[in-house]
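# Observations on the model geometry
Here is what each chain is made of, one letter per residue.
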Amino acid sequence: MKIVAIVGSNRKQSINKKLVELLKERYLEKVEIEILPIEGLPMYNQDDELTPAEVVIHVKKIVAASDGVLIATPEYNHAIPAFLKNALDWFSRVDKVMMKKPVMIVGATPGVLGTVRAQVNLRQILAAMGALTLPGNEVFINAVHEKVDEAGKLTHEPTLGFLDTVMNNFIDWVEKTKHL
Ligand code: FNR
């Protein structure tokens, strides 16, 4: 099963990127997780959507060929970062590569609410795009600085256990939605 991971943060030391790297390693035997290189995408412009840059075509092809999408996002001002929204806007148009695509969402923040508001925002955007977001299974990782080791790797056992459950549910969801 090929899963494409979209990290909603473009900073080098992103905790959400580290989270995806951990998931990639932890579920190696169950799923193949590849991080989507969205950092080269230009700002979405409707004038260009029929003749997009090569990088847009390339990245959209990877999404289209995947069995599902994992999104790990921070919360910026109670919403998803523009960096992530920009990628999703490209994916929502012309060949609509997120249509009927199963999606799992995770989010980590040092704050207390664990990206709740960004994830509500993200679920709404994904619904508009026709994606099939895994119902329930909300992974809100709050106070993340207290749950990682010195290298920024998540070590908090209850959170890891919950992630195991959600990943298994997502794998079932990908299978269930395959023929829709
Ligand atoms: C934040 N941060 C933040 N945190 C939060 O829980 N709710 C919020 O609304 C915001 N807003 C916000 C806006 C902007 C512009 C920045 C730069 C940051 C803090 C944020 O959760 C923190 O910087 C995370 O570490 C960002 O995730 P990555 O980059 O580590 O993955």
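So, a few notes on the structure that sits alongside this text. Keep in mind that what you see is a predicted model, and the values were worked out from it rather than measured.

Conventions and cut-offs
Residues numbered from 1 in each chain as written. Predicted model: local features only at pLDDT ≥ 70, side-chain atom pairs only at ≥ 80, totals over all residues. Heavy atoms only, no water. Near = heavy atom within 4 Å. Polar contact = N/O pair within 3.5 Å; in protein donor to acceptor, adjacent residues only side chain to side chain. Areas by Shrake-Rupley, 256 points an atom, 1.4 Å probe, with all protein chains shown as cover. Nonpolar A, V, L, I, M, F, W, Y, C, P; charged D, E, K, R; others polar. Helix = DSSP H or I, 4+ residues; strand = E, 2+ residues; numbered from the N terminus. Buried < 20%, exposed > 50% of the residue type's maximum accessible area, 1.4 Å probe, protein only. Axes fitted to C-alpha atoms, helices over the stretch in contact; angles between N-to-C directions. Parallel < 35°, antiparallel > 145°, perpendicular 65-115°, else oblique. Contact = heavy atoms within 4.5 Å. 1 Å grid on protein atoms, 1.4 Å probe; cavity = no way out; pocket = protein on both sides within 12 Å on 5 of 7 lines; lining within 4 Å. Points joined across faces, edges and corners; volume = space filled by probe spheres on them. Pairing = 2+ DSSP bridges.

## With respect to the site of the ligand
Taken together, 13 residues surround the ligand, and among them Ser9, Arg11, Ser14, Asn16 and Glu75 come closest. Contacts to the ligand include asparagine 77, whose backbone N or O atom sits 2.9 Å from a nitrogen atom. In the model, an oxygen atom of the ligand is placed 2.9 Å from a nitrogen or oxygen of the threonine 109 side chain. In isolation the ligand exposes 620 Å². Once the protein is present, 71% of that is buried. Here the residues of the shell around the ligand sort into four nonpolar, six polar and three charged.

## What to know about unusual backbone geometry
Phi is positive for histidine 78, close to 65°, though the residue is something other than glycine. Mapped onto the secondary structure, histidine 78 falls in the loop between strand E3 (68-72) and helix H3 (82-91). Notably, valine 94 is not glycine yet its phi reads approximately 60°, a positive angle. Looking at the element boundaries, valine 94 is found in the loop between H3 and strand E4 (102-108). We classify valine 94 as partly exposed; its relative accessible area is 45%.

## A word on the packing of H3 against helix H4 (residues 116-128)
Put simply, H3 and H4 touch, their axes get as near as 11 Å, and they point 10° apart. Between H3 and H4, the angle falls in the class roughly parallel. Here Leu84, Lys85 and Leu88 of H3 come into contact with H4, specifically with Leu122, Ile125 and Leu126. The residue makeup of the contact of H3 with H4, split by class, is five nonpolar, no polar and one charged.

## A short note on the layout of surface pockets
The volume enclosed by the largest pocket comes to roughly 180 Å³. Forming the walls of the largest pocket are Val7, Ser9, Asn10, Arg11, Lys12, Lys17, Ile35, Leu36, Pro37, Ile38, Glu39 and Phe83. Here the residues of the lining of the largest pocket are counted per class, giving six nonpolar, two polar and four charged.

## A closer look at the pairing of E4
Counting buried positions over the seven residues of E4 gives seven, a clear majority of the element. Covered by surrounding structure in E4 are Pro102, Met104, Val106 and Ala108 together with Val103, Ile105 and Gly107, the residues of both alternating faces. The pairing of E3 with E4 spans four bridges and is parallel. Looking at E4, one finds that valine 69 is bridged to valine 103. As defined by bridge partners, E4 adjoins strand E5 (residues 132-133) across two bridges and the pair is classed as parallel. Considered in E5, the bridge of proline 102 is made with leucine 132. Where E4 and strand E6 (residues 139-141) come together, three bridges link them in parallel fashion. Along E6, the bridge assignment pairs valine 106 with valine 139.

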